[in-house]
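Results of the structural survey
Here is how the chains run, residue by residue.
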Amino acid sequence: MGIPTVTLTRNEFVGVVKNAVSGIGLAPDTAMVTFPTANFLPGADLAALAARKNEFYDALTKWTSGKVKSGAGNMLCVEGETYEDALGRANEMFIANSWGDGLPLWPATPERVNWILRGAAQPRAHVLGKFPPRGAIVTIEACAVALAMAGGRPEYLPVLIAAVEAFLDPNATGELLQATSGSPFPVVIVNGPIAKQIKLNSGFGLIGPDPQHPAGASIGRALRLMQQNLGGALPGTGTMAVFGHMRYTNAVFAEDEEGLPAGWEPHSVDRHGFKRGANCVSLFYASGAANIIRRGAKKETLEEDVVQGLHRVAGYMRVPDVHYLHGYTEGTPGFVVISKVVAADLATMGYTKQSIREFLYEHSKVPLDEMRKAGCMAWMEIAATAAARDSAQQDPWPIAEKAANIGLIVAGGGHSSHALWLQAYTYGVIGREIKLPAGFNDLVGEADSANAAATNS
Amino acid sequence: MIKLEFHDPSGALDKAIPHAPRLESFAGKKVGMLSNGQWQAYRMLPMLKTMLEADFPGIEVISEDNFPQGNAFIGNEDVAQQVKDSGVDAVIIGNAA
């Protein structure tokens, strides 16, 4: 702003605040007065605030920054008696500098990065933006470095690049969700033929891990490494995620397009308006994944199975969840994932994706008294959009501005027993086209050949 | 010896722009408050306002109620512009995050 500021924050938020100022182009340092969390709790004694008032005054009149920003990225080097020794030293360096995730990584050697870059449709120096909140510059090469470290392959790179583009979209609000204590993790849903070409999972165990479908783990791990190493989301200093979930690989999977009943459009079409058959990603942040037993028992008709199952899903959604307010207007309260078997039963009973959403929307409304008892009314007052703030007038309270906000995709193992509820903590649901390089099919062919050769060896 | 060279995964940062210069004093200055509306901001920021006004006669403190509140707002460009338009010389941002 060009105006001197001081931030009143918690002791453990120093890293978060420094990342935030770095992301807006300042040196990674700022005037702060910090207190333990206990000082910010209801009923806290504020004597400490009075005792330290001069620190606020000094911060606005005397403070100077002692930090400078580093410049261009460097090449690093380790030496070892053997290759294995050097590899171990490289991994020790990753851990010592907080660049890793605790599991072994591939050092991003020039050879490996060049190999990965064969999957890029853009030049290696092409800039996608700055990774929030820390603000490191995101190039295609930076994506390739992360994917190399995560054990990825060239044919995965187009999906990672599209996911990063979606992540960097201002409507994704990555600068908030990276730092928040709420532990959101990116979910990347892929539509289009690329999913099968690179062996992304859309069936049993799609959240992973799955050695038969390794792409999602590598792509998601690379995105997570970028969130940490470029974006500064280091637990306890850059991301205040109290628990953190799905933070080794995030969640990267494909919709089971072959399992869509006749007349049902893929998620990419009905949420983002992409052409059917286009390769694209859809990114949102989830704060949890709940398995719901949706199948009935004993004597039941198909209609009872279908309707009771939907009621059970709606029951999981019908909660006084403050996260719903973040994506109330443009985002989503969450994604329901149903298998092709369940989708087929629903279609047999005449349901479409939209009519399922409408059913869930109507039956997930929360009595306003529940919202009051849970203290959600104050959160509504400071919600980001007018629709979210005005929703306090509705009883029962709809968990989103409109039914269309509810995500619904067909994926998972071909089984009727369960549904998955990916509760969102997201401001937007961002779609991006996946751009393929010339020669992409050759990369896929090489991967298939390598896989076949390794299987036989 | 085996030498292994690889990319630094922390990437590159732009050259930093300088922080805003500090005030020489609070005499005749206007200080604004920005709040996320959480973590007892409703108690702490007014307390700071009261202390500033007591310690620096002539200072004007614009309370947080004059600007949008909430994490969704206080970092955005519109609010930054509102703060600039208010003519404040310095800002205290709270709370706790």
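A quick note: this is a predicted structure, and the numbers were derived from the prediction, not measured. Along every chain, residues carry numbers that run from 1 in the direction the sequence is written. By the order in which they are written, chains take letters starting at A while ligands take numbers starting at 1. With pLDDT at 70 or above as the cut-off, local features in this predicted model cover only qualifying residues; side-chain atom pairs require 80 or more to be listed or tallied, and sums for whole chains, interfaces and linings still use all residues.

1. Considering the domain arrangement of chain A
All names here are of chain A. Start and end positions for the domains come from either an automated domain assignment or a database one. The domain boundaries assigned to chain A delineate domain 1 (7-61) and domain 2 (113-364 + 399-433). Working definition of a contact: two residues with C-beta atoms, positioned from the backbone, lying within 7 Å. The interface is formed by 8 residues belonging to domain 1 together with 13 residues belonging to domain 2. Residue classes in the side of domain 1 that touches domain 2 are distributed as 3 nonpolar, 4 polar and 1 charged. Residues are grouped as follows: Ala, Val, Leu, Ile, Met, Phe, Trp, Tyr, Cys and Pro are nonpolar; Asp, Glu, Lys and Arg are charged; every other residue, Gly included, is polar.

2. A look at the sheet that holds strand 4 (residues 90-96) of chain B
Paired through their backbone hydrogen bonds, the strands of a sheet run either parallel or antiparallel. Following DSSP output, two strands are said to pair if at least two bridges run between them. Runs of H or I in DSSP of at least four residues are treated as helices and runs of E of at least two as strands, each being numbered from the N terminus. The parallel open sheet is built from 5 strands, whose spatial order is 2(A)-1(A)-4(B)-2(B)-3(B). At either end of the open sheet lies a strand with only one pairing partner, and these are strand 2 (32-35) of chain A together with strand 3 (60-62) of chain B. Neighbour-to-neighbour, the strand axes of the sheet open up by a mean angle of 15°, direction not taken into account. Here strand 1 (residues 5-10) of chain A pairs with strand 4 of chain B via 5 bridges, running parallel. In the strand pairing of strand 4 of chain B, Thr5(A) is matched with Val91(B). Note on method: axes are straight lines fitted to C-alpha atoms, helices fitted across the in-contact stretch only, with angles between N-to-C directions ranging 0 to 180 degrees.

3. Thoughts on helix 7 (residues 157-168) of chain A
All names here are of chain A. Multiplying 1.5 Å by the helix residue count minus one yields the expected span of that helix. For helix 7, built from 12 residues, the straight-helix expectation of 16 Å at 1.5 Å per residue is met to within 8% by its first-to-last C-alpha distance of 16 Å. In this scheme the burial state of a residue depends on its C-beta neighbours within 10 Å: 20 or more other such atoms mean buried, 12 or fewer mean exposed, and anything in between means partly exposed; the C-beta positions come from the backbone. Within helix 7, 11 of the 12 residues are buried, leaving the element largely enclosed by the surrounding structure. By the burial criterion, the buried members of helix 7 are Leu157, Pro158, Val159, Leu160, Ile161, Ala162, Ala163, Val164, Glu165, Ala166 and Phe167.

4. Quick word on the pairing of strand 4 (residues 127-131) of chain A
Residues and elements named next belong to chain A. Inspection of the sheet shows strand 4 paired to strand 5 (residues 136-139) by 4 bridges, in the antiparallel sense. Its bridge partner being in strand 5, Lys130 is matched across the sheet by Ile137. Connecting strand 4 to the next strand, strand 5, in antiparallel fashion are 4 residues, including Gly135 with a positive phi near 95°.

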